[in-house]
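Notes for the structure review
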Amino acid sequence: MPRLVALLAALGLVLAACGGGSSTVAATVDGTDITVGQLDALRPGGTASAQQAANDLELLITTSIVRSGLDELGVEITDDAIAAAEDEFIAGVEASGSTLEDFLAENEVTEDLFDVAIFQQVAQEELVEHFSESVEVTAEDVEAQFNAELQSRSEVCAAHILIGVDPENGPDAAEAQEIAEEVFALTIEDGADFAALAQEYSTGPSGPDGGDLGCAPPASYVPTFGQATLDAEIGEPFGPVQTEFGWHIILVNDRTVPELADLEAELTDSVATIKASQELTEWYTDAVASADVTVDEEFGTWAEDPTTGVFGVIPPAAS
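Computed from a predicted structure; not experimentally measured.

When you go through the protein chain residue by residue, the secondary structure sums to 11 helices and nine strands. For a compact globule of 319 residues, the expected C-alpha radius of gyration is about 20 Å, and the protein chain comes in at 28 Å, more than 25% above that figure. Counting only C-alpha atoms, the protein chain reaches 85 × 50 × 40 Å along its principal axes. Relative to its 319 residues, the protein chain shows a buried fraction of 39%. When contacts within the protein chain are restricted to residue pairs at least 6 apart in sequence, long-range pairs at least 24 apart make up 66% of them. Of the roughly 17,100 Å² of accessible surface on the protein chain, a fraction of 49% belongs to carbon and sulfur atoms. Here the protein chain contributes 6 positive and 63 negative side-chain charges, whose respective centroids are spaced 9 Å apart.

Structure (structure tokens):
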């Protein structure tokens, strides 16, 4: 028997064995039954509510669908991969000063649900790797990803003068823009001291410090401001730039920006993962939609969520 099939069969036996012996069918997936015993094994004392039962049953249904899909795609989940994921999770729990047993108890789940969750995690990782082998990554893709990450990968040392809009005491947006343009003209045409102007005009909290913002990635600011710190010439006042806070005059004193060539390999892998994740989402959505699923009415109905377009278990309406 292939290792994948053996592993999945063993997991099914564990779930059934821990379910109190109940063989009542809660759902059927492509001819394979999911019993009430398997469902109850996920929670200490069984499920506590109709919504929880629906959620847990949906987890078992989708896990069954993913298992079949893995086999069809020829993607193998090894015992070593499962063990490594378990060890990594347990190490994280222990690093926080707890134990797996305490974690499970605090979250009111059993080791059976933990096993299913670990399987889902490893399956997702393996599926992403599987789909990444066939995706195409172009130079344009890499450049677009570079531009998308530029704000977070760069660092700017900047100061600003904020002319904020105060709905109660003014100025209004038009007046704030006019003031900002006047102050900007002072920095450009008259060469006025930027820090002194910030102390006089800025309504931001950095005003008393001459508008100094220190050094930070542009992504730490609102997007428009962050992009402006990349567009501005170093040492030259830039603006006025409008954000939700008002109008800004920006002075970039220093800036570190990565080179595309230095990140090309990393970005290529990143784009491949993004595209593979998209492929996985499409595959998963199709697999769930095409599966032959029936759910015992006691637990709800198998139906498409009108918001997400993905099938799931809808719990029975409260009487």
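Don't stop here, the text continues.
Following the criterion strictly, the structure yields one disulfide and no others. Here Cys 157 engages in a disulfide with Cys 215; their sulfurs sit 1.9 Å apart. Linking Cys 157 and Cys 215, the disulfide has an S-S dihedral of approximately 105 degrees and is accordingly described as right-handed. Taken as a pair, Cys 157 in strand β3 (residues 155-164) and Cys 215 in strand β4 (residues 212-216) lie far apart in primary sequence, 58 residues in all. Relative accessible area serves as the criterion here: at 46%, Cys 215 is assigned to the partly exposed category.

Let's shift gears to the nonpolar core. Membership of the largest hydrophobic core comes to 43 residues, with the highest contact counts inside it found for Leu 57, Ile 61, Ile 65 and Val 295. Elements represented by at least two residues in this core include exactly β1 (25-29), α2 (36-40), α3 (50-73), α4 (79-95), α5 (100-106), α6 (111-132), α11 (260-290) and β7 (293-295). For this core, the element with the highest residue contribution is α6, accounting for 10 residues. Once residues lying within four places of it in the same chain are set aside, the contact partners of Ile 61 are Ala 27, Val 29, Ile 34, Val 293, Val 295, Trp 302 and Val 313. The next biggest cluster of nonpolar side chains, apart from the first, holds 13 residues, and it includes Ile 163, Phe 194, Leu 197 and Leu 251.

Glancing now at a negative patch on the surface. A contiguous patch of negative charge, built from Glu 94, Glu 101, Asp 102, Glu 106 and Glu 111, is present on the exposed surface. Turning to its location among the elements, Glu 101 is positioned in helix α5.

The subject of this paragraph is helix α9 (residues 194-201). Considered for burial, the residues of α9 that qualify are Phe 194, Leu 197 and Ala 198. Considered in projection along α9, the buried side chains sweep an arc of 105 degrees and stay on one side of the axis. For α9, exposure combined with an orientation more than 90 degrees from the buried face picks out Gln 199 and Glu 200. Contacts from the buried residues of α9 go to β3, α8 (173-189) and β6 (246-256). Its side-chain oxygen at 3.4 Å from the backbone nitrogen of Ala 195, Asp 193 defines the N-terminal cap of α9.

We now examine the environment of Glu 108. Looking at where Glu 108 falls in the secondary structure, it is placed in the loop between α5 and α6. For the pair formed by Glu 108 and Ser 64, sequence separation is 44 residues and the distance between their alpha carbons is 23 Å. With residues up to four places along the chain from it excluded, the contact list for Glu 108 reads Arg 43 and Pro 44.

The next thing to look at is the sheet that holds strand β5 (residues 238-243). Strand order in this open sheet of four strands is β4-β3-β6-β5, and the pairing throughout is antiparallel. Strands with a single pairing partner mark the edges of an open sheet, and in this sheet they are β4 and β5. Averaged over neighbouring strand pairs, the angle between their axes works out to 35 degrees when direction is ignored. Where β5 meets β6, four bridges bridge the pair, whose relative direction is antiparallel. Residue pairing across strands places Phe 238 opposite Ile 250, the latter belonging to β6. Sitting on the sheet, α8 touches β3, β5 and β6, and the angle it makes with β6 is about 40 degrees.

Okay, the packing of aromatic side chains next. For the structure on display, the rule yields five aromatic pairs. Consider the rings of Phe 89 and Phe 114, whose centres lie 5.5 Å apart with planes at 55 degrees: the pair is tilted. Of this pair, Phe 89 sits in helix α4 while Phe 114 sits in helix α6, and the two are 25 residues apart along the sequence. The buried category is assigned to Phe 114, whose relative accessible area is 8%. A centroid spacing of 6.2 Å and a plane angle of 25 degrees characterise the contact between Trp 302 and Phe 311, whose relative ring orientation is stacked. Accessibility expressed as a relative area gives 23% for Phe 311, which makes it partly exposed.

Two modes of strand pairing occur in sheets, parallel and antiparallel, and in both the strands are linked by backbone hydrogen bonds. Taking strand neighbours across the sheet as the criterion, the three strands line up as β2-β1-β7 in an open arrangement whose pairing is antiparallel. Of all strands in the sheet, those bounded by a partner on one side alone are β2 (32-35) and β7. Averaged over all pairs of adjacent strands, the angle between their axes in this sheet comes to 20 degrees, without regard to strand direction.

Segments scoring low in pLDDT should not have their predicted coordinates read at a detailed level. Of the residues in the protein chain, 92% have a pLDDT of 70 or more, and the chain-wide mean is 89. Here residues 1-21 is modelled with pLDDT under 50, and outside its nearest four sequence neighbours on either side it reaches 33 contacts, counting other chains as well.

Scoring rules and cut-offs
- Residues numbered from 1 in each chain as written.
- Predicted model: local features only at pLDDT ≥ 70, side-chain atom pairs only at ≥ 80, totals over all residues.
- Heavy atoms only, no water.
- Helix = DSSP H or I, 4+ residues; strand = E, 2+ residues; numbered from the N terminus.
- Rg over C-alpha atoms; globule rule 2.2 N^0.38 Å.
- Buried < 20%, exposed > 50% of the residue type's maximum accessible area, 1.4 Å probe, protein only.
- Contact = heavy atoms within 4.5 Å.
- Areas by Shrake-Rupley, 256 points an atom, 1.4 Å probe, with all protein chains shown as cover.
- Lys, Arg positive; Asp, Glu negative; His and termini not counted.
- Charge placed at Lys NZ, Arg CZ, Asp CG, Glu CD.
- Disulfide = S-S within 2.5 Å.
- Core = buried A, V, L, I, M, F, W, Y, C linked by side-chain atoms within 4.5 Å.
- Patch = residues over 30% accessible without salt bridge, like charges linked within 9 Å, V, L, I, M, F, W, Y side chains within 5 Å.
- Salt bridge = Lys/Arg side-chain N within 4 Å of Asp/Glu carboxyl O.
- Arc of directions from axis to C-beta.
- Polar contact = N/O pair within 3.5 Å; in protein donor to acceptor, adjacent residues only side chain to side chain.
- Pairing = 2+ DSSP bridges.
- Axes fitted to C-alpha atoms, helices over the stretch in contact; angles between N-to-C directions.
- Phe/Tyr/Trp six-rings, centres within 6.5 Å; stacked < 30°, edge-to-face > 60°.
- pLDDT = per-residue confidence, 0-100.

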